Amino acid sequence: MNVPFLIAKRYFISKKKRNIINIISIISMVGVAVGTAALIIVLSVFNGLEDLIRSIYGSFDPDLKVTSVQGKGFELDEKLLERVRKTPGVLIVTEVIEDNALLRYEDRQMVVKMKGVSPNFFAQNKIDSAVIEGTYQLNRAGNNYALIGRGVQYQLSIRATNAIVPMFLLYPKAKASLSLDPENTFREKPIMVGGVFVIERQYDDSYIFVPLEFARDLLAYGTKRTSLEIRVESRRKINEVEQRLQQVLGPNFDIKNSDEQHLSLLRAVKVEKLFVFITFAFILLIASLNIFFSLSMLVIDKKKDIAILASIGATPQVIRNIFLAEGAIVAFVGAFIGLAAGLLICWIQQTFGLVSMNMATALVEAYPVKMQIQDFILTGVAIFIITLLVSIRPARTAAATDVRDNI
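All of these numbers come straight from a predicted model, not from anything done at the bench.

### Let's talk about the overall build of the protein chain
Consideration 1: Each helix and strand in the protein chain was counted, giving 14 helices and 13 strands.
Consideration 2: Principal-axis analysis of the C-alpha atoms places the extent of the protein chain at approximately 105 × 45 × 40 Å.
Consideration 3: Burial statistics for the protein chain: of 407 residues in total, 44% are counted as buried.
Consideration 4: Intrachain contacts of the protein chain at a sequence separation of at least 6 include 78% that bridge at least 24 residues.
Consideration 5: Surface summary for the protein chain: the accessible area is close to 21,900 Å², and the carbon and sulfur share equals 59%.

### With respect to the pattern of salt bridges
Consideration 1: All chains considered together, the criterion is met by 18 salt bridges.
Consideration 2: The salt bridge involving R225 is made with E95; its shortest N-O contact spans 2.8 Å. Within this pair, whereas R225 is found in strand β11 (residues 224-225), its partner E95 is found in strand β3 (residues 90-105), the two being separated by 130 residues in sequence. E95 carries the same exposure label as R225, and that label is buried.
Consideration 3: One salt bridge in this structure joins K273 and D375, with 3.5 Å as the shortest N-O distance. Here K273 is found in helix α11 (residues 263-301), whereas its partner D375 is found in helix α14 (residues 373-399), with 102 residues between them in sequence. Take K273 and D375: they sit in the same class, and that class is buried.
Consideration 4: In this structure, a network of salt bridges that share partners links the residues E50, D51, R54, D259, K270 and K370.

### Quick word on the domain arrangement of the protein chain
Consideration 1: By the assigned domains, the protein chain splits into domain 1 (3-58 + 265-400) and domain 2 (62-257).
Consideration 2: The centre of domain 1, based on its C-alpha atoms, is set 52 Å off from the matching centre of domain 2.

### Things to note about the pairing of strand β4 (residues 108-117)
Consideration 1: Taken together, the 10 bridges between β3 and β4 define a ladder with antiparallel strand orientation. Each residue of the ladder has a partner; that of Y105, found in β4, is R108.
Consideration 2: Connecting β3 to the next strand, β4, in antiparallel fashion are two residues, including E106 with a positive phi near 55°.
Consideration 3: Bridging between β4 and strand β10 (residues 207-211) involves five bridges; their strand directions are parallel. Bridge pairing in β10 places K115 opposite F209.

### Some points on the nonpolar core
Consideration 1: Core analysis: the biggest nonpolar cluster contains 27 residues, and M114, M167, L169 and V210 have the highest contact counts within it.
Consideration 2: Only β3, β4, β7 (143-149), α5 (150-156), β8 (167-172), β9 (186-197), β10 and α8 (212-219) provide two or more residues apiece to this core.
Consideration 3: For this core, the leading source of residues is α8, giving five residues.
Consideration 4: Among residues more than four places away in sequence, those in contact with M167 are L103, R104, Y105, A146, I148, I158, K189, P190, I191 and V193.

### Description of the pairing of β10
Consideration 1: With five of five residues buried, β10 lies mostly within the body of the structure.
Consideration 2: In the sheet, β7 pairs with β10 via two bridges, with the strands oriented antiparallel. Bridging from a neighbouring strand, I148 pairs with I208 of β10.

### Structural notes on the packing of helix α2 (residues 20-58) against α11
Consideration 1: Running from N to C, α2 and α11 point in directions that differ by 175°, and their axes come no closer than 9 Å. As judged from the angle between their axes, α2 and α11 are roughly antiparallel.
Consideration 2: Taken together, the residues of the contact of α2 with α11 sort by class into 23 nonpolar, nine polar and six charged.

### Examining helix α9 (residues 238-249)
Consideration 1: If you check α9, its first and last C-alpha atoms are 16 Å apart, about what 12 residues at 1.5 Å a residue would give, namely 16 Å.
Consideration 2: Contacts made by the buried residues of α9 are with β1 (64-68), α3 (78-85), β3, β12 (227-232), β13 (253-257) and α10 (258-261).
Consideration 3: G250 occupies a position one or two residues after α9 and carries a positive phi of about 90°.

### Remarks on a nonpolar patch on the surface
Consideration 1: Residues F332, I373, I377, V381, F384, I385, L388 and L389 make up a contiguous nonpolar surface patch of roughly 770 Å² in combined accessible area.
Consideration 2: For the nonpolar patch, the element with the highest residue contribution is α14, accounting for seven residues.
Consideration 3: Within the secondary structure, I377 is located in helix α14.

### Examining the environment of S25
Consideration 1: Looking at where S25 falls in the secondary structure, it is placed in helix α2.
Consideration 2: Given a relative accessible area of 8%, S25 falls into the buried group.
Consideration 3: Along the sequence, S25 and S294 sit 269 residues apart, while their C-alpha atoms lie 5.9 Å from each other.
Consideration 4: S25 has contacts with S294 and V330, leaving out every residue within four places of it along the chain.

### Here's the deal with unusual backbone geometry
Consideration 1: Positive phi, normally seen in glycine, also occurs at E106, with a value near 55°.
Consideration 2: Mapped onto the secondary structure, E106 falls in the loop between β3 and β4.

### Details of the packing of α3 against α9
Consideration 1: Look at α3 against α9: their axes get within 10 Å of each other, and the N-to-C directions meet at 155°. On the basis of the axis angle, α3 is roughly antiparallel to α9. Crossing hand, α3 versus α9: right-handed. Each of L80, R83 and V84 in α3 lies in contact with α9, whose residues at this interface are L245, V248 and L249.

Definitions and limits used
Residues numbered from 1 in each chain as written. Predicted model: local features only at pLDDT ≥ 70, side-chain atom pairs only at ≥ 80, totals over all residues. Heavy atoms only, no water. Helix = DSSP H or I, 4+ residues; strand = E, 2+ residues; numbered from the N terminus. Buried < 20%, exposed > 50% of the residue type's maximum accessible area, 1.4 Å probe, protein only. Contact = heavy atoms within 4.5 Å. Areas by Shrake-Rupley, 256 points an atom, 1.4 Å probe, with all protein chains shown as cover. Salt bridge = Lys/Arg side-chain N within 4 Å of Asp/Glu carboxyl O. Domains from an automatic or database assignment. Pairing = 2+ DSSP bridges. Core = buried A, V, L, I, M, F, W, Y, C linked by side-chain atoms within 4.5 Å. Axes fitted to C-alpha atoms, helices over the stretch in contact; angles between N-to-C directions. Parallel < 35°, antiparallel > 145°, perpendicular 65-115°, else oblique. Nonpolar A, V, L, I, M, F, W, Y, C, P; charged D, E, K, R; others polar. Expected span 1.5 Å × (residues − 1). Patch = residues over 30% accessible without salt bridge, like charges linked within 9 Å, V, L, I, M, F, W, Y side chains within 5 Å. Left-handed = near helix turned anticlockwise from the far one by under 90°.

Put into structure tokens, the structure is as follows:
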């Protein structure tokens, strides 16, 4: 039988006398509950945002991306390509040539990010589902077509249905002499618009996709490629395939998974989540100070009870544990209510999306939410530590009560 817990429970649920101590205890419990629920909700929103970022870029980014450690590109021969293809777990290998180019349409022009891709590119990406006008096919009936972002279309007023007026892509020649004549400075190739895509503003405002051969000829790359984009077999673990490829290709190549391709952005979200956790933990500590005051007042109110317990043989450790248990009951009841409330609110948001973003340009209508068990565990650990910090001083004071002065 846990005597300290039973006595603490009696102090907590006693209905004989409701005084200021009970009121402060209830306020403490409510404060912990509200703080706990708020912490769970905010952490779940950050988890949802992190998943949203992954889903946005997941339609554009490959499972693995191979680039050169030094320089903009690397020479790709059949032997190297075959070694990559035969690596266990590799399903699709797409050759990519990517660089900035000047896009001109009629009398308007802008710098774009031109991405030349081999025909199997759309077999490993989901960009085809993001096409809102035209088609994603870059080569039809022997003719080359470009797939452009909606932002590029708006900035240059490009008509995707226009089958007469082409766009022109210009790229500076490697050893061009200083001249006012663009023909001596730039290589220029025409291409028709085949479709328009919408993924995310970063891509919509700058990217256009063209056939690999078109980009190769415009940039005069020959057998040079800027990257290889790889789709991994669904039953394989991406990290394992990444390690195998690194062994196959050696230290001259850099291999990144989808998260590593946006490491700075995802790291920023994680750092912000950490600071939010610290901030709300501090708020929980402030709310838990009421536990300290209620326990301190309870020690004063129960001095006679403490003296009686000590006189019948209760040790200072038992008396200390009574008040530690009292603080734990207040904190953990509040934490349980808060965790349950946070779980319920997050479930409602996940299911019904009651809280909308109220933004016309938002990618999703409602705030994304994702609950993770580690958030509940971390919150529970934080509450345990905070409860111990605010309860230990009053508990020690109770254990040091003089028996002779209070009988």
